[in-house]
Amino acid sequence: MTTGGSPTAPAPARRTGIGLVLGGALSVQFGSAVAALLFPRIGVAGAVTLRLAIGALLMLAVCRPRLRGHGRADWVAVVTFGLALAGMNSVFYQAIERIPLGPAVTLEVLGPLALSVLTARRRAAWCWAALALAGVALLGQGGFARLDPVGAGLALGAGALWAAYIVCSARVGGRFPRADGLALALAVAALVTLPIGLVDSGSRLWHPAVLGLGTGLAVLASVLPYTLELLALRRLPTATFAVLMSLGPAVAALAGWLVLDQRLEAVEILAIGLVIAASAGAVRAGARGPGGPTGGPPAPEDVELISAAAAAPPARR
């Protein structure tokens, strides 16, 4: 996530990169909508199990990661990454069972936003954080009772796990080549959630229609968006990529409306817009460096976390 394309890339390459990012975002959020369709059939635990198990099998088949040549610290990093991934998916899916997809992603994105603000260490970043809080306050004006307080709390918890996932992803990315670390972490997450899914859903998991939806969920939520975003990162600066990924709540609201018929009030749409603006602004503020206009560039680890906070790999879904 830290190697973006050249800022001087040709305009056609930039346009292609933007299209790839938007395609990946659409894939991720419509994948979440497909997951919501699975809930009445196999429950939340079953949907999480199918999404992670099939996604892990596909990623392992594509990446074929090497199992030898890694030290104990490498495997500890992978297991930690997998646990964060399993927790994040499980909590987020519990949230979208209770509240609409758009508000759920809006609340969830506060986790990466907080990480980018803390990493940026600039006053402007705190201003963007205040704007995000204003968006959340507006979302409350739309009625947290309508959203279900438990669902809203779960979405915030998923955001905290997303922030942890970003830190783990950065560590694993430095220890494993290509997407090998992600594939192995998905396998760990699948092993953790599989017993719960089997107990909760039983033989319903093996119904052909359910397996078909589960495969579609894994492709939409992991394989396709990860490929599109990997290609986009070769064409776009990382900061531009991260800002585009800030559109996640808007795309989620669109997916919820088209697939799940989840309509939002005008005040909720405005709240989502404020959080999107805050996310994009925080990334741009961090990318300009902690020293202000006359200061030096941010440290490499700061750029990594700032960018990843708004542009974490789509495996989070």
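The shown structure was predicted, so the numbers you read here are calculated from the model rather than taken from an experiment. (Residues numbered from 1 in each chain as written. Predicted model: local features only at pLDDT ≥ 70, side-chain atom pairs only at ≥ 80, totals over all residues. Heavy atoms only, no water.)

A. Here's a closer look at the overall build of the protein. From N to C terminus, the protein includes 13 helices and zero strands. When the elements of the protein are put in sequence order from the N terminus, they spell out α-α-α-α-α-α-α-α-α-α-α-α-α. Here the protein holds 317 residues, and 53% of them are scored as buried. In the structure as shown, the protein presents an accessible area of about 13300 Å², 67% of it carried by carbon and sulfur atoms. (Helix = DSSP H or I, 4+ residues; strand = E, 2+ residues; numbered from the N terminus. Buried < 20%, exposed > 50% of the residue type's maximum accessible area, 1.4 Å probe, protein only. Areas by Shrake-Rupley, 256 points an atom, 1.4 Å probe, with all protein chains shown as cover.)

B. Inspection of the pattern of salt bridges at higher detail. What the rule picks out here adds up to three salt bridges. For R175, the salt bridge is made with D74, and the minimal N-O distance between the two is 2.7 Å. With a gap of 101 residues between them, R175 in the loop between α7 (149-173) and α8 (180-201) and D74 in helix α2 (residues 72-96) connect regions that are remote in the sequence. For R175, a relative accessible area of 40% corresponds to the partly exposed category. (Salt bridge = Lys/Arg side-chain N within 4 Å of Asp/Glu carboxyl O.)

C. Highlighting the packing of aromatic side chains. Counting across every chain of the model gives four aromatic pairs. Judged by centre distance (5.1 Å) and plane angle (40 degrees), the ring pair of F81 and Y165 falls under tilted. Of the two residues, F81 is situated in helix α2 and Y165 in helix α7; the sequence distance between them amounts to 84 residues. Judged by relative accessible area, which is 0%, Y165 ranks as buried. (Phe/Tyr/Trp six-rings, centres within 6.5 Å; stacked < 30°, edge-to-face > 60°.)

D. Structural context of unusual backbone geometry. A positive phi angle, close to 45 degrees, is found at R64, a residue other than glycine. Examined against the element boundaries, R64 turns out to sit in the loop between α1 (11-63) and α2. When its relative accessible area of 68% is taken as the criterion, R64 is described as exposed. At D261, a position not held by glycine, the phi torsion is positive, near 55 degrees. Along the chain, D261 turns up in the loop between α11 (248-260) and α12 (266-287). When its relative accessible area of 52% is taken as the criterion, D261 is described as exposed.

E. Structural detail: helix α3 (residues 101-108). Among the eight residues in α3, eight count as buried, and that is most of the element. All buried positions along α3 are accounted for by L101, G102, P103, A104, V105, T106, L107 and E108.

F. Molecular detail of the nonpolar core. Counting 68 residues, the largest nonpolar core has F39, M59, F92, Y93, L101 and Y165 as its most contacted members. Core analysis: the second largest hydrophobic core is formed by five residues, L20, V21, A232 and L236 among them. (Core = buried A, V, L, I, M, F, W, Y, C linked by side-chain atoms within 4.5 Å.)

G. Inspection of a nonpolar patch on the surface at higher detail. Together, L26, L37, L254, W257, L258 and V259 line one region of the surface with nonpolar side chains, adding up to about 500 Å² of accessible area. Of all elements in the fold, only α1 and α11 reach the threshold of two or more residues within the nonpolar patch. With four residues, the top contributor of residues to the nonpolar patch is α11. Its location among the elements puts L37 in helix α1. Using a relative accessible area of 39% as the deciding quantity, one classes L37 as partly exposed. (Patch = residues over 30% accessible without salt bridge, like charges linked within 9 Å, V, L, I, M, F, W, Y side chains within 5 Å.)

H. Quick look at the side chain of Q262. On the secondary structure map, Q262 appears in the loop between α11 and α12. With relative accessibility at 19%, the residue Q262 sits in the buried group. Those residues in contact with Q262 that lie beyond four places of it in its chain are P100, L101, G256 and W257. (Contact = heavy atoms within 4.5 Å.)

I. Expanded view of the environment of L26. Tracing the backbone through its elements, the reader meets L26 in helix α1. For L26, a relative accessible area of 36% gives the class partly exposed. Between the alpha carbons of L26 and L247 there is a distance of 9.9 Å; along the sequence they are 221 residues apart.

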